[in-house]
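Reading the structure
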Amino acid sequence: MNSMILHELFFDGLGDQSEPGPALRDALARDFGSLERWRSEFVAMGKALGGGSGWVLLSWSPRDRKLVNQWASDHCHTLAGGTPILALDMYEHSYHIDFGAKAASYVDTFMDVIRWNNVERIFVQTTNGRGTAGDTRQ
């Protein structure tokens, strides 16, 4: 089931060139220092998986009340209690036909076609629009 969910998230995140909306942009800047720093870390994780397998996930951690990037070596190793809001499939089958061994080009292309409105929708739903999903602490 994790495989299906992550693939649905991956395809839901693809679409057209766009930018994160204000809620997500603010959260990325808060949790990573800047949108550029988040992007740099996410891209580096993806490129490091070239020729291998796994996922790069942007996930919401209700425990820490923040967004985190994570690498998942397979469909079962995701952040405990976390909710992925963006998924990059780095299994070779995802890119080999179109990119061959050029996994870095695949990652760059993915970053250019993120459907940010879908990512933002999932983020807002997950965090109830406040960036604090599931958090009842005051």
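Residues numbered from 1 in each chain as written. Predicted model: local features only at pLDDT ≥ 70, side-chain atom pairs only at ≥ 80, totals over all residues. Heavy atoms only, no water.

**Considerations on the packing of helix 2 (residues 22–32) against helix 3 (residues 35–48)**
Put simply, the rule reads: As a rule, the C-alpha atoms of each element are fitted with a line to give its axis, helices using only the stretch in contact, and angles between N-to-C directions run from 0 to 180 degrees. Helix and strand definitions here come from DSSP, where helices need a minimum of 4 consecutive H or I residues and strands a minimum of 2 consecutive E residues; each element is numbered from the N-terminal end. Note that the term roughly parallel is reserved for angles under 35 degrees, roughly antiparallel for angles over 145, roughly perpendicular for angles of 65 to 115, and oblique for everything else. The contact definition used throughout considers only heavy atoms, calling two residues in contact when any of these lie within 4.5 Å. As a working rule, the residues Ala, Val, Leu, Ile, Met, Phe, Trp, Tyr, Cys and Pro are called nonpolar, Asp, Glu, Lys and Arg charged, and the rest polar, with Gly in that last group.
Running from N to C, helix 2 and helix 3 cross one another at 75 degrees; their axes reach a closest spacing of 7 Å. Overall, the two elements helix 2 and helix 3 adopt an arrangement that is roughly perpendicular. Contacts from R25, L28, A29 and F32 in helix 2 reach L35, R37, W38 and E41 in helix 3. Looking at side-chain class alone, the contact of helix 2 with helix 3 contains five nonpolar, no polar and three charged residues.

**Quick look at the environment of L24**
Considering the arrangement of structural elements, one finds L24 in helix 2. As for L24 and G51, which are separated by 27 residues in sequence, their C-alpha atoms are 31 Å apart. Ignoring sequence-local partners within four residues, the contact set of L24 consists of L67, I85, W116, V119, E120 and F123.

**Here's the deal with the sheet that holds strand 3 (residues 83–89)**
What counts here: Think of it this way: DSSP has to see at least two bridges between two strands before they count as a pair.
Pairing in this open sheet of three strands is antiparallel, and the strands run 2-1-3 from one edge to the other. In the strand order of this sheet, the two ends are held by strand 2 (66–72) and strand 3, each with one partner. Pairwise comparison of adjacent strand axes, ignoring direction, gives a mean angle of 20 degrees for this sheet.

**Some remarks on the pairing of strand 2**
Selection criterion: Burial here depends on accessible area, computed with a 1.4 Å probe over protein chains only, as a share of the maximum for the residue type. Under 20% is buried, over 50% is exposed, and the range in between is partly exposed.
Taking burial as the measure, the seven residues of strand 2 include five buried ones, the bulk of the element. Where strand 1 (residues 55–61) meets strand 2, seven bridges bridge the pair, whose relative direction is antiparallel. The residue of strand 2 that forms the bridge with V56 is W71. Counted along the chain from strand 1 to the antiparallel partner strand 2, the turn is four residues long, and its residue R65 has a positive phi close to 55 degrees.

**With respect to helix 6 (residues 116–127)**
To be explicit about the condition: To estimate how far a helix should extend, the number of its residues minus one is multiplied by 1.5 Å.
In a regular helix each residue adds 1.5 Å, so 12 residues correspond to 16 Å; helix 6 covers 16 Å between its end C-alpha atoms and thus fits that length. Of the positions making up helix 6, those classed as buried are W116, N118, V119, E120, I122, F123, T126 and T127. Of the surrounding elements, those touching the buried residues of helix 6 are helix 1 (2–12), helix 2, helix 3, strand 1, strand 2 and strand 3. Looking at the residues trailing helix 6, positive phi occurs at N128, about 55 degrees.

**Digging into the packing of aromatic side chains**
Inclusion rule: Ring geometry is summarised as follows: Phe, Tyr and Trp rings, the Trp one being its six-membered ring, pair when their centres sit within 6.5 Å, and such pairs are stacked at plane angles under 30 degrees, edge-to-face over 60 and tilted between the two.
Here the structure, examined in full by the defined rule, presents eight aromatic pairs. With 5.9 Å between their ring centres and 75 degrees between their planes, W60 and F123 make a pair best called edge-to-face. Separated by 63 residues along the polypeptide, W60 in strand 1 and F123 in helix 6 bring together distant segments of the chain. The residues W60 and F123 share a single accessibility class, namely buried. Grouped by ring-pair contacts, the aromatic residues F10, F11 and F110 constitute a single cluster.

**Describing the pattern of salt bridges**
Inclusion rule: Salt bridges are identified by distance alone: a Lys or Arg side-chain nitrogen within 4 Å of an Asp or Glu carboxyl oxygen.
Within the structure shown, the criterion is met by six salt bridges. Between R30 and D31 there is a salt bridge, with its nearest N and O atoms 2.7 Å apart. A salt bridge links D112 to R39, with the nearest nitrogen and oxygen atoms 3.9 Å apart. Remark: R39 occurs in helix 3 and D112 occurs in helix 5 (residues 103–112); sequence separation between them is 73 residues. For R39, a relative accessible area of 35% translates into the label partly exposed.

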